[in-house]
Amino acid sequence: MEAVIKQKTISKQYKKRSALGAIWRQLRKNKGAIIGLVLVLFLIIMALISPLIFDYKADITAQNLQERLQSPSAAHWFGTDDMGRDVFARVMYGTRYSLAVGVVAVLIALAVGVTLGAAAGYVGGVFENIIMRVCDIFSSLPSVLLAIAVVSAMGKSTVNLMIAVGIASMAPFVRITRAAVLTVRGEEYVESARAIGMQEGKIVLTHILPNCVSQIIVQATLRVGQAIIAAAQLSFLGLGVPAPAPEWGSMLSAGRSYIRDYSYLTLYPGLAIMLAVLSLNLIGDGLRDALDPKLKR
Amino acid sequence: MSETEKHILDVKNLVVRYETEDGIVRAINGIDIQLGYKQTLGLVGETGAGKTTAALSILRLVPSPPGVVECDLLHIDGLDILSLPDHKMEEVRGKEVSMIFQDPMTVLNPVFTVGEQIAESLEIHEHLSHKDALQRAESMLELVGIPGSRANEYPHQFSGGMKQRVVIAIALACSPKLLIADEPTTALDVTIQAQVLELMSQLKDKYDTSMIMITHDLGIVAEVCDKVAVMYAGRIVEQGLLEDVFNHTLHPYTEGLFNSLPNVKNRTAMLKPIRGLMPDPTNLPSGCAFAPRCNYATEACLGEPPALRAVSDTHSVACAAYNTPGFHIEKGRDA
Amino acid sequence: MHRYILKRLLMLIPVLLCVAFVIFAIMNVADGDPVYSVASADATPEELDALRKEMGLDGSLLTRYFRYIGKMLKGDLGTSYVSKRDVMKTYMERLPNTLKLASLTMLIAVGMSIPLGIIAAVHQNSLKDTASMVLALLGLSMPNFWLGLLLIIVFSLGLGWFPSGGYTAGLKSLVLPAFTIGAGLAALMTRTTRASMLDVIRQDYLLMARAKGVSERKVIRKHALKNALIPIITVFGVQFSNVLGGSVLAETVFSWPGVGRLVVDAIDQRDIPTVTGALVMTTMLVSIVNLVVDIIYAYVDPRIKAQYTK
C-alpha cells in the first residue's frame, strides 16, 4: 500500500517536471519562492531607479555636517549618518553594489568552476586529482580568510572584491559538475553519442552538462546570497568596496562607532543585507524543490 | 469462556484508509479475522491487496497521518487492543504479538549489532539487564542456526537469509503468543526460502505460537497454514480451512490465483493469468471490486460489494454469483 | 583503524605543502615591496637590499617558498615585520582564545540545532516544523557580524547582561560572540538534521523497532538519530572552517583577541609572515578537525568502519 502511495506521488511529480513552464508551475505553488521573487524584483527595481532619483555626488557621498546623526524622521526616513548623509538614500543606492558584487562573483565562480569540474570529470586521471585536491584546499580554508587574502594581495577595489568572493565560492561548482559528469560519463546515451562520432566537447555540452544544470542553478542562486554576505563582511573589515561608496557592509562598519547612541545606523543596512539574502535563499529553496522532487520534503 | 477468549485474535470490521493529498486510498474495507490458538492463518493476495496494512493495524502501527484505522473490535488474547493507552500498547508489541517483516535487508538497524537488536526486546519486556539480555540474545541466535559468537557483528556482515534468521530471532525472543509474518521469504533465494520456512514451523511448534502468514505464494500456504483468507482490494473474498479453499474453491478470484500457477504435471497447458489489474485503491468500483476482471461477472455484481456468506461451518465466500442457485466456477466442477 | 589514521595523517603533509604554496604565492604577489614598510624613508638602495636579505625577500618565489617550508617543518614561521616577534609564538598565544570561542560556538549550534531539527522532522508540516524552518532560514540569511551588532544593542547596551566586547568577563564575554558565529551554523545544522531525520524516519527498521515494543521516544532518539547522525556530522565538520572564518568577524565586532583578529590586523599592516603563518596553521587545524570527523564516522556507522579497516 505504501508503494501505491509512493508511486502516485512520484508519477505526479514526473508529469510536472518536463519543461521550463513546468518548473514555473511548481515554483508558483511555493509561497516562499514567490515572496522571494517579489523581494528580488523589488531590490532590482531599487537598484535600477536609485541613480534616477539620487545624484551620486550630491545625495550619496556629499557631507552635510549640520545634519549629522539625526534620528529617523519624515525628512530622513532612516536618519542621517555621521557625515550628515541620508541613510535611506545610501541604503537604497547600496543595493547596486551588493547585487552587482553578488551576481558577478557567482558568475566568475560558475564559469571557472563548471569548466574545471567538467574537465576534471571528463579527463580524469592526474588532472582530475590535482583539481580536486585544490578544491579540498579551498574548502579547508575558511572562505572569508581566503577572500581576505586575495583582496589584500590584489588591493582593495570593487572588481578585486568580486574576484576574491568568486574564487572563494568556486569549489561547490567544481564538485557538482564533476560529480554529474562522472555519473553520466558511462551512460549508454553518452556512449552512443560517441559511437555516432560526436565531438567530445559537444558531448559534454549537449549530453552531460544538462544533467547538472538544475543543481547548478540552485547552487548559484543560494551562492549569490552567500556572496552578498561575504562581500559585506569584507567591506565591514575595510577590505571591500572603498569609501565613500554606500556599500552596506562598510555602512555597518561606520555605524558601529555610534552603536551606543545611534543604533539605528547599524539597523537599516543590516536589514537590507538580510532581505536580499533571505529572498535569494527563498528562491533557491523553491527552485531546488521544483527542479528536484526527490529532495522535496 | 466468553466468545472472544477462544481466539488469540479477533478482529471485526477493520477499515483502514490513507488520506493523502491525491485522494483517499482505501486500503482495507471491512475485514473480520478470527484465529484460534496454535492455528496458522494464511492471508493471501496480490501486492496492494492490503495484507501488510492489515498486519500493521493489528499492532496499531499504521502511520498516522495519513493512515486512519477504524475497527469495531480488536482483541488479542482477550485483550481489548483498541482501548489500550500507548505505553500499554508498547508492552503488547514484541511481547504478545511479534512481526516478521518482508525485507530483511531493510528492517535491521544498520548501526546496532544484531545481538543488541535481539537483546533490546528482552530488556524491554523481560526486564533483563543489558548483559543478561545479550547472553540470551546469543542463545536466540543459536536457536535460529547462527553461531552465538556472531552477536557482536553488524547487519551488513550477514547474508539475506541470515538476516531473516536474525529477524525471526528478534520476533521470537520474548515467545509471543501471536506471530505475524509478512512475506517472510519473498526477498530470499528459493533455497533459503525453504530453510527459513522450515525454521519458522519448528519454532512455532516449539513455542505454541499462533501465526498469521501473509504471502502471495500459494505453495507456502499449502505448506504451513491451517486456515486461508484470500484478500482482494482490501476485502476478504474467500476464507476457510486450507482444504476448503484449495480443494473446494468458490471465489472466481481464488480460482484465478490457482490458474496463474504453472502446472508441473501438464507443461503444455497454457497459463491463465487473471486479465487486467487490481483497481486503483483511491477509486474503487462501487460493486464487487473484482467484477471488472471476472469471467462470471453479471449486472448484479456492479451494485454493492458482496458480503461474505457462509457456505459451510468453516468456509465462506463473498460473491454475488452464488445468489443464483446452482452456480459454480470451473475449478469447482473439476474437483 | 590505526593504519587508516596514519595514512590520513601522511596524506595531510602534501595538502599542507600545497596550502602553504597557494597562500605563499598569493601573499607574495601582493603589490608593493614589503621592504618599504620596514625601512626608514631615507634608506639607500644598498640598505634596502641588505634589509631584503635580512627579511628573507631575496631570490625567486620558489627559492623563498622552499626556504619557508624548510623553516616551517622545524616549527619556525618567521618573524613579524611589524612586532618583530616570532609568528608561531604569537599564533599559539592567540589560538586558545579562538578555540574557546569555537568550542562554545559548536556547543551552542549542536545544542540548538539537533533538538529543533528532530522536532521539525517528527512533526513534519506542523506549526512547530514551519516555525523551526522559518527560524533556520532567517539564521542562514543574517550576516553574522550584523547579528553580533544586534546582540550588542539588545543584550549588552539594552539589558546589560553581557559585555559588549573584550575578554575580561570570563565565560560571559564569550556568549555573545559565540552566538554571533553559531547562529548561522545552527540554522544550517537544523536543516540538515531535519532532512536527515526525514530520510531515516520512513525506514523499515524504525517500524521494526516499534513492532518490538520500543517506545516512540526511544525509536526517535536511539534508533533514528544514530542513523541520521552521519550527514549531521558531515555538515558539522565541513562548517568548522566557517566557524573559524566567522570568528574573524566576531572577533572584530567583539574585540576578541583571537586568531581571526590577528590575521585581519596583519593584513592591514601588510605583515606577510604573520598572515601566511596564521593561514597555514588554520588550514592545518581545519584538516585535523576533518580527520577527527572522519574517525568519528567510524564509531557512528559500522559500515564506514569496515571500509576504513579494509
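What counts as what
- Residues numbered from 1 in each chain as written.
- Chains lettered and ligands numbered in written order.
- Predicted model: local features only at pLDDT ≥ 70, side-chain atom pairs only at ≥ 80, totals over all residues.
- Heavy atoms only, no water.
- Helix = DSSP H or I, 4+ residues; strand = E, 2+ residues; numbered from the N terminus.
- Contact = heavy atoms within 4.5 Å.
- Phe/Tyr/Trp six-rings, centres within 6.5 Å; stacked < 30°, edge-to-face > 60°.
- Buried < 20%, exposed > 50% of the residue type's maximum accessible area, 1.4 Å probe, protein only.
- Lys NZ or Arg CZ within 6 Å of the ring centre and 35° of its normal.
- Salt bridge = Lys/Arg side-chain N within 4 Å of Asp/Glu carboxyl O.
- Pairing = 2+ DSSP bridges.
- Axes fitted to C-alpha atoms, helices over the stretch in contact; angles between N-to-C directions.

1. Describing the environment of R26 of chain B
Residue and element names in this part refer to chain B.
(1) Moving on: Its place among the elements puts R26 in strand 2 (residues 23–36).
(2) Moving on: Spatially, the C-alpha atoms of R26 and L277 are 16 Å apart, while their sequence positions differ by 251 residues.
(3) Moving on: When neighbours within four sequence positions are excluded, R26 is seen to be in contact with V16, R17, P281 and L284.

2. Some points on the packing of aromatic side chains
(1) Moving on: Counted according to the given criterion, the structure contains eight aromatic pairs over all chains.
(2) Moving on: Seen from their ring centres, F246 of chain B and F258 of chain B are 5.0 Å apart, and the 80 degrees between their planes marks the pair as edge-to-face. In this pair, F246 of chain B is assigned in helix 9 (residues 242–247) and F258 of chain B in helix 10 (residues 252–259), connecting sequence segments twelve residues apart.
(3) Moving on: Centroid distance F21 of chain C to Y65 of chain C: 4.9 Å. Interplanar angle 80 degrees. Geometry classified as edge-to-face. Remark: Y65 of chain C occurs in helix 4 (residues 61–73) and F21 of chain C occurs in helix 1 (residues 2–28); sequence separation between them is 44 residues.
(4) Moving on: The exposure class assigned to Y65 of chain C is buried, which follows from its relative accessible area of 6%.
(5) Moving on: In textbook terms, an aromatic cluster arises when at least three aromatic residues are bridged by ring pairs, as seen for Y232, Y253 and F290 of chain B.
(6) Moving on: Of note, K222 of chain C hangs over the ring of F112 of chain B, and the distance from its end group to the ring centre comes to 5.4 Å.

3. Digging into the pattern of salt bridges
Residues and elements named next belong to chain A.
(1) Moving on: Under the definition given, this model contains 21 salt bridges over all chains.
(2) Moving on: A salt bridge links R288 to D285; the shortest N-O distance between them is 3.3 Å. Highlighted residues: R288 and D285, both in helix 14 (residues 264–291), separated by three residues, approximately one helical turn.
(3) Moving on: Look at R288 and you get partly exposed, because its relative accessible area is 28%.
(4) Moving on: Relative accessible area serves as the criterion here: at 14%, D285 is assigned to the buried category.

4. Things to note about the sheet that holds strand 10 (residues 227–232) of chain B
Residue and element names in this part refer to chain B.
(1) Moving on: Taking strand neighbours across the sheet as the criterion, the eight strands line up as 7-8-9-3-10-11-13-12 in an open arrangement whose pairing is mixed. Every interior strand has two partners, whereas the edge strands, strand 7 (97–100) and strand 12 (309–310), have only one.
(2) Moving on: Here strand 3 (residues 40–44) pairs with strand 10 via four bridges, running parallel. The residue bridging G42 from the neighbouring strand is V228, located in strand 10.
(3) Moving on: Against the sheet, helix 1 (residues 51–58) touches strand 3, strand 7, strand 8 (178–182), strand 9 (210–215) and strand 10, its axis set at about 150 degrees to strand 9.

On their own, these measurements won't tell you what the molecule is for.
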